[in-house]
Amino acid sequence: MSNLQLLTFMKKALILVNQHARSGKKLFSQATVELQALGFELIEESTDHSHQISDTIRRYKNQVDLVIIGGGDGTLNATIEGLIDSQLPLGILPMGTANDLARTLGIPTSLREACQVIATGKIRRIDLGWVNGKHFFNVASLGLSVQITQLLTKEVKRRWGILAYAATALQVVWQSRPFRAEIRVNNQSIQVKTIQIAIGNGRYYGGGMTVAEDATIDDQRLDLYSLETKHWWQIIALLPAMRQGNHASWPGVRALYGEEIEVRSVKRHRINTDGEITTHTPAIFRVIPKALAVFVP
């Protein structure tokens, strides 16, 4: 791939780990031992307050060669602004519940193997999504996903792990109510009656759901789907196809893609980016090509 390169000289790393994630403290200790054995000099900081993570990265940008983040997709999302400003490459230790960005990049969930990925020094430049001034790795969405996010508390994820996503989705699906929206993309204006609009930058989201069958995180486009099913039970039938990514061929699913997408709605709808509710309609979504460098297998 043209956007892959090998870097072998990086050894001084800022490591930030969410020690409140599932098994966070134990995994943090294991990670530091593994990385030091691989020759890394580590500066350790906490991610207890996610809003401070980007400031921490900026503070160390001239003192380290790379940033290593241990946590889930929410923790990773909190690093984006600091990584953009510093242009430091990112090493990922998947310690969250869903680990969708790691899944998209093929990073193993085994901590030892994830450390080895960083040590090999192979870099891939990836795209970012952007909506109303907020960046995201995986997906931005409105409708069902916002209701799921509100119910999917840290306690639920800690107790049920990856199963929490499916259980919470089933809980809200039968209560779903459609809303009207306008989608503008590629010089088209499309009026829809939908229960969910999702706009993906990467491939996976929501604990392994697939944005689109051919989506990648460096294809320089956003993939949109709109769920326009008429009955709640049709969504249940769709779930297996959504995991495989071939839901675009199903009745009641509209699929579009583009570099810039605008979504408007009569009633203001909140928007979820990588699992956090951050903005609302009207919204403009853009892809930012090759914005960040990440260590990959």
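Residues numbered from 1 in each chain as written. Predicted model: local features only at pLDDT ≥ 70, side-chain atom pairs only at ≥ 80, totals over all residues. Heavy atoms only, no water.

Student: Which parts of the structure should I look at to understand helix 6 (residues 111-120)?
Tutor: Spacing of three or four residues puts side chains on the same side of an α-helix, whose turn is 3.6 residues. For helix 6, the set of buried residues is Leu111, Ala114, Cys115, Val117 and Ile118. Across the axial projection of helix 6, the buried residues extend over an arc of 150°, all falling on one side. Looking one or two residues past helix 6, Gly121 carries a phi angle of roughly 75°, positive in sign. (Buried < 20%, exposed > 50% of the residue type's maximum accessible area, 1.4 Å probe, protein only. Helix = DSSP H or I, 4+ residues; strand = E, 2+ residues; numbered from the N terminus. Arc of directions from axis to C-beta.)

Student: Whenever I open this one, the pairing of strand 17 (residues 270-273) confuses me. Can you help?
Tutor: Within a regular beta strand, the side chains point alternately toward one face of the sheet and then the other, so they alternate between its two faces. Where strand 8 (residues 139-143) lies against strand 17, two bridges are found, and the strand directions are antiparallel. Residue pairing across strands places Ala140 opposite Thr273, the latter belonging to strand 17. Relative to strand 18 (residues 276-280), strand 17 is paired through four bridges, and the arrangement is antiparallel. In the strand pairing of strand 18, Thr273 is matched with Glu276. (Pairing = 2+ DSSP bridges.)

Student: Would you explain the sheet that holds strand 18 in this entry?
Tutor: The strand order across the open sheet formed by six strands is 15-14-11-8-17-18, and the pairing between neighbours is antiparallel. Edge positions in the sheet fall to strand 15 (253-258) and strand 18, since each of these pairs with one other strand and no more. Taken over all neighbouring pairs, the strand axes of this sheet differ in orientation by 25° on average, direction set aside. Here strand 8 runs beside strand 11 (residues 196-200); their pairing, made up of five bridges, is antiparallel. By the bridge assignment, Ala140 is partnered in strand 11 with Ile199. (Axes fitted to C-alpha atoms, helices over the stretch in contact; angles between N-to-C directions.)

Student: I'm lost on the nonpolar core in this one. Help?
Tutor: If you look at soluble globular proteins, the nonpolar side chains tend to sit buried side by side. Ranked by internal contacts, the top residues of the largest apolar core, which has 48 residues, are Ile92, Leu93, Leu105 and Phe137. Leave out the neighbours within four places in its chain, and Ile92 touches Ile69, Leu76, Leu101, Ala102, Leu105, Ile107, Ala114, Ile118 and Val294. Grouped together as the second largest cluster of nonpolar side chains are 21 residues, Val131, Ile197, Ile199 and Val287 included. (Core = buried A, V, L, I, M, F, W, Y, C linked by side-chain atoms within 4.5 Å. Contact = heavy atoms within 4.5 Å.)

Student: How do you make sense of the side chain of Asp274 when you look at a structure like this?
Tutor: Within the secondary structure layout, Asp274 lies in the loop between strand 17 and strand 18. In this structure, Asp274 is buried with no salt-bridge partner, the nearest side chain bearing the opposite charge being Lys134 at 7.6 Å. Within the structure, Asp274 has its side chain in polar contact with the backbone nitrogen of Asn138 (distance 2.9 Å). Setting aside residues up to four positions removed in sequence, Asp274 forms contacts with Gly74, Asn77, Phe136, Phe137, Asn138 and Val139. (Lys, Arg positive; Asp, Glu negative; His and termini not counted. Salt bridge = Lys/Arg side-chain N within 4 Å of Asp/Glu carboxyl O. Polar contact = N/O pair within 3.5 Å; in protein donor to acceptor, adjacent residues only side chain to side chain.)

Student: Is there a simple way to think about the pattern of salt bridges in this case?
Tutor: Where charged atoms from two side chains of opposite charge approach closely, those side chains can pair. Counting across every chain of the model gives 15 salt bridges. In this structure, Arg221 and Asp214 form a salt bridge, with 2.9 Å as the shortest nitrogen-oxygen distance. The buried category is assigned to Arg221, whose relative accessible area is 16%. Overlapping salt bridges bring together Glu182, Arg184, Glu262 and Arg264 as one network.

Student: Help me out: how do you make sense of the environment of Leu105 in this one?
Tutor: By the element assignment, Leu105 lies in helix 5 (residues 100-105). Here Leu105 falls in the buried class, since its relative accessible area comes to 6%. Along the primary structure Leu105 and Gly202 are separated by 97 residues, whereas in three dimensions their C-alpha atoms are 8.9 Å apart. Not counting residues up to four positions away in its chain, the partners in contact with Leu105 are Ile92, Arg124, Ile126, Ile217, Val294, Val296 and Pro297.

Student: What am I meant to see in the side chain of Asp223 here?
Tutor: Note that Asp223 resides in strand 14 (residues 222-227). You can call Asp223 buried: its relative accessible area is 3%. Here Arg221 takes part through its side chain, which lies 2.8 Å from a polar atom of the side chain of Asp223. In contact with Asp223, other than residues within four places in its own chain, are Ala198, Ile199, Gly200, Val211, Ala212, Ala215, Leu256 and Tyr257.

Student: What exactly am I supposed to notice about the packing of aromatic side chains here?
Tutor: To describe a pair of aromatic rings, one takes the distance between the centres and the angle between the planes. Counted by the stated rule, this structure contains one aromatic pair. For the cation-ring pair, Lys11 lies above Phe40, with the distance from its terminal atom to the ring centre recorded as 4.9 Å. Positioned over the ring face of Tyr204 is Arg103, at 5.8 Å from the centre of the ring. (Phe/Tyr/Trp six-rings, centres within 6.5 Å; stacked < 30°, edge-to-face > 60°. Lys NZ or Arg CZ within 6 Å of the ring centre and 35° of its normal.)

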